[in-house]
Amino acid sequence: MNAKLPAGLLVTALLLAGCGGNGQSASSATPKVGLITKTETNPFFVKMKEGAQKAAQANGMELMSAAGKFDGDNAAQITAIENMVAAGVKGILITPSDTKAIVPAIKKARDAGVLVIALDTPTEPQDATDALFATDNFKAGELIGQYAKAAMAGKPAKIATLDLAPGITVGQLRHDGFLKGFGVAAGDPSVVCSQDTRGDQAKGQTAMENCLQKAPDINLVYTINEPAALGAYTALKAKGREKDVLIVSVDGGCTGTKAVQSGQIAATSQQYPLKMAEDGVKAVADFAKNGKKAAGYTDTGVTLITDKPVSGVEAKDTSFGLANCWG
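Residues numbered from 1 in each chain as written. Predicted model: local features only at pLDDT ≥ 70, side-chain atom pairs only at ≥ 80, totals over all residues. Heavy atoms only, no water.

1. Overview of the overall build of the protein
Moving on, step 1. Within the protein one finds 12 helices and 12 strands.
Moving on, step 2. By principal-axis analysis of the C-alpha atoms, the protein measures approximately 80 × 35 × 30 Å.
Moving on, step 3. With 327 residues in all, the protein has 50% of them scored as buried.
Moving on, step 4. Summarising the internal contacts of the protein: among those between residues at least 6 apart in sequence, 73% fall at separations of at least 24.
Moving on, step 5. Entry remark: accessible area of the protein is about 14,900 Å², with carbon and sulfur atoms responsible for 53%.
Moving on, step 6. Within the protein, the 32 negative side-chain charges are centred at a point lying 2 Å from the centre of the 33 positive side-chain charges. (Helix = DSSP H or I, 4+ residues; strand = E, 2+ residues; numbered from the N terminus. Buried < 20%, exposed > 50% of the residue type's maximum accessible area, 1.4 Å probe, protein only. Contact = heavy atoms within 4.5 Å. Areas by Shrake-Rupley, 256 points an atom, 1.4 Å probe, with all protein chains shown as cover. Lys, Arg positive; Asp, Glu negative; His and termini not counted. Charge placed at Lys NZ, Arg CZ, Asp CG, Glu CD.)

Written out as C-alpha cells, the structure is:
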C-alpha cells in the first residue's frame, strides 16, 4: 500500500505492532539484549559473543551483536548503540574502545531506559554505565608483577613494558598493577623502555625490537596481552635472547596458555570472557523480567597461570589454564 498514514496513525500502528496482538512474530515478543565488542576477530571477544549467545538462549532472549572494525573504533560503537536502542533492546553489554568518548552515547541509551553494562573495560568515569562485569585488571597486573619479582630472585631488573594505547583504562590498570606488584613506582629507572602495541603481535615484535635497540640488556618484559608477548618472544629469539629474558603477560587465551606451557611466556594472568558475557546477559534478563537493575562492579575472576611457581604467589598450572582458556 503506497498511501502514507498521518503521523499520529503511523505511531499508533507502530505501537500496536509492538504489542502482543494477533499475527505477531515470535521474535518480536522476545526481549532483546545487545553486545558490542571492540572487534569481532580477537579470540577474547569471539568467546565473549559465544557466552552471550548461549546465555541469551538460556534466558529466552534475542542477541543483537556488533563490533568495531578495529580496536579503538569508537564511531562504530556509537552507531551500534543507536541502532540497538532503536531496535528496542532491554540492555546493552559493551566493551568500550574509547572509554571517555563513548560516554555521551551511553548516557543517551540509559536516558532511553536501556540498562548498560560494561564488560572487561570500565568507562571513564566508571559509573557512566549501570554496572561493570570484568576482571580486576589491576589485580591481573599485580599478580604477574609479584610473580616477576619473585622469579627474578633479587637480580637487578631492566624492564620493558609493552603496553596497549593511551586512554584505554584496561591497559593502564594492568600496567599500574604490574608496577605495584613488582614494587616500583611509575618513572622508576628500572623501567628502561615502554612502547604501545595495541595488543597486536606484529606491533609487539616491533616494540620489542625498538626496546632492544634502546636497552640491549633488558631482562624482564611485561606485556599487555599474549599476542604482544609472542611478538616480543619472536624479537628476542632473533637476537638469541629468548632464554635469558623473563616474559609475563595477561589474558589466558588458549594460544597464550600453550605459550606458557612451552616456556615462551613465564606466567600469565587468566581472565574469563565467557563468564563476563553470561553474567551480563543474565543481569539484562533480570531487568527485562522484573525491572531489577544490576549496579556496581562484579569481579569475574583472575588466576595466575604458570608451570614454574614461585613462593608466596598463588598460581595454577597450565593443565588448569588449558581447561579454562578461550580462543
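From this point, the discussion proceeds with the structure in view.
2. Here's the deal with the confidence of the model for the protein
Moving on, step 1. Taken residue by residue, the protein gives an average pLDDT of 91. The fraction at 70 or more is 91%.
Moving on, step 2. Within the model, the stretch residues 1-27 combines pLDDT values under 50 with 7 contacts to residues more than four positions away or in other chains. (pLDDT = per-residue confidence, 0-100.)

3. A word on the state of the cysteines
Moving on, step 1. The full count for this structure, using the stated rule, is 2 disulfides.
Moving on, step 2. Disulfide pairing is shown between C193 and C211; the S-S distance is 2.1 Å. Looking down the S-S bond of the C193 and C211 bridge, the torsion is -75 degrees, so its handedness is left-handed. Placement of the pair is C193 in strand β7 (residues 191-196) and C211 in helix α8 (residues 201-214), with a sequence separation of 18 residues. Each member of the pair, C193 together with C211, is buried.
Moving on, step 3. Through a disulfide, C254 is tied to C325; the S-S separation comes to 2.0 Å. Looking along the S-S bond of the C254-C325 disulfide, the torsion reads about 90 degrees, which is the right-handed sense. In this pair, C254 is assigned in helix α10 (residues 254-262) and C325 in the segment after α12 (318-323), connecting sequence segments 71 residues apart.
Moving on, step 4. In this structure C254 comes out as buried when scored by relative accessible area, which is 14%. (Disulfide = S-S within 2.5 Å.)

4. So, the environment of S194
Moving on, step 1. Take S194: it is sitting in strand β7.
Moving on, step 2. For S194, a relative accessible area of 41% puts it in the partly exposed group.
Moving on, step 3. Filtering out sequence-adjacent residues up to four positions away, S194 remains in contact with T161 and D163.
Moving on, step 4. Among the polar contacts listed, one links the side chain of S194 to the side chain of T161, at a separation of 2.7 Å. (Polar contact = N/O pair within 3.5 Å; in protein donor to acceptor, adjacent residues only side chain to side chain.)

5. A few points about helix α7 (residues 169-182)
Moving on, step 1. Over its 14 residues, α7 runs 20 Å from end to end, which matches the ideal 20 Å to within 8%, given 1.5 Å per residue.
Moving on, step 2. Most of α7 is tucked away, with 10 of its 14 residues classed as buried.
Moving on, step 3. Among the residues of α7, T169, V170, G171, R174, H175, G177, F178, L179, G181 and F182 are the ones counted as buried.
Moving on, step 4. At its buried positions, α7 is contacted by α6 (137-152), β6 (159-163), β7, β8 (220-223) and β9 (246-251).
Moving on, step 5. G183, located one to two residues past α7, shows a positive phi value of around 90 degrees. (Expected span 1.5 Å × (residues − 1).)

6. Observations concerning the sheet that holds strand β10 (residues 267-270)
Moving on, step 1. Spatial ordering of the open sheet is given by β7-β6-β8-β9-β10-β12, a layout of 6 strands whose pairing is mixed. At either margin of the open sheet sits one strand with a lone partner, and together these are β7 and β12 (303-305). On average, each strand axis in the sheet is tilted by 15 degrees relative to the strand beside it, whichever way the strands run.
Moving on, step 2. Two strands pair when backbone bridges link them, and β9 and β10 are joined in this way by 4 bridges, in the parallel orientation. When the sheet's bridge partners are listed, V248 is paired in β10 with A267.
Moving on, step 3. Contacts between α7 and the sheet are confined to β6, β7, β8 and β9, with β8 contributing the most and set at about 145 degrees to the helix. (Pairing = 2+ DSSP bridges. Axes fitted to C-alpha atoms, helices over the stretch in contact; angles between N-to-C directions.)

7. A short note on the sheet that holds strand β1 (residues 32-37)
Moving on, step 1. Pairing is parallel in the open sheet, where 6 strands are placed in the order β2-β1-β3-β4-β5-β11. Both outer strands of the open sheet, β2 (62-67) and β11 (296-299), are each paired with one neighbouring strand and no more. Mean inter-strand twist for the sheet, computed between neighbouring axes without regard to direction, equals 20 degrees.
Moving on, step 2. Across the sheet, helix α3 (residues 43-58) touches β1, β2 and β4 (115-119), and the angle it forms with β1 is around 175 degrees.
Moving on, step 3. Taken strand by strand, helix α4 (residues 74-86) contacts β1, β2 and β3 (91-94), and its axis lies near 175 degrees from that of β1.

8. Let's talk about the pairing of strand β5 (residues 131-134)
Moving on, step 1. Covered by surrounding structure in β5 are A131 and F133 together with L132 and A134, the residues of both alternating faces.
Moving on, step 2. Where β4 lies against β5, 3 bridges are found, and the strand directions are parallel. Opposite I117, over in β5, you have A131 as the bridge partner.

9. A closer look at the packing of aromatic side chains
Moving on, step 1. By the definition in use, this model includes 4 aromatic pairs.
Moving on, step 2. A ring pair is formed by F44 and F45, whose centres lie 5.3 Å apart and whose planes are at 90 degrees; its orientation type is edge-to-face. F45 matches F44 in its accessibility class, with the two residues each being buried.
Moving on, step 3. When the centroid spacing of 5.0 Å and the interplanar angle of 80 degrees are considered together, the rings of F44 and W326 count as edge-to-face. Taken together, the residues F44 in helix α3 and W326 in the segment after α12 connect sequence positions 282 residues apart. This pair shows no difference in class: F44 is buried, exactly as W326 is.
Moving on, step 4. Through pairs of rings, three or more aromatic residues link up here, namely F44, F45 and W326.
Moving on, step 5. Stacked on the ring of F182, the Lys or Arg K149 has its end atom at 4.9 Å from the ring centre.
Moving on, step 6. Directly above the aromatic system of F320 lies the positively charged group of K316, at a separation of 5.5 Å from the ring centroid. (Phe/Tyr/Trp six-rings, centres within 6.5 Å; stacked < 30°, edge-to-face > 60°. Lys NZ or Arg CZ within 6 Å of the ring centre and 35° of its normal.)

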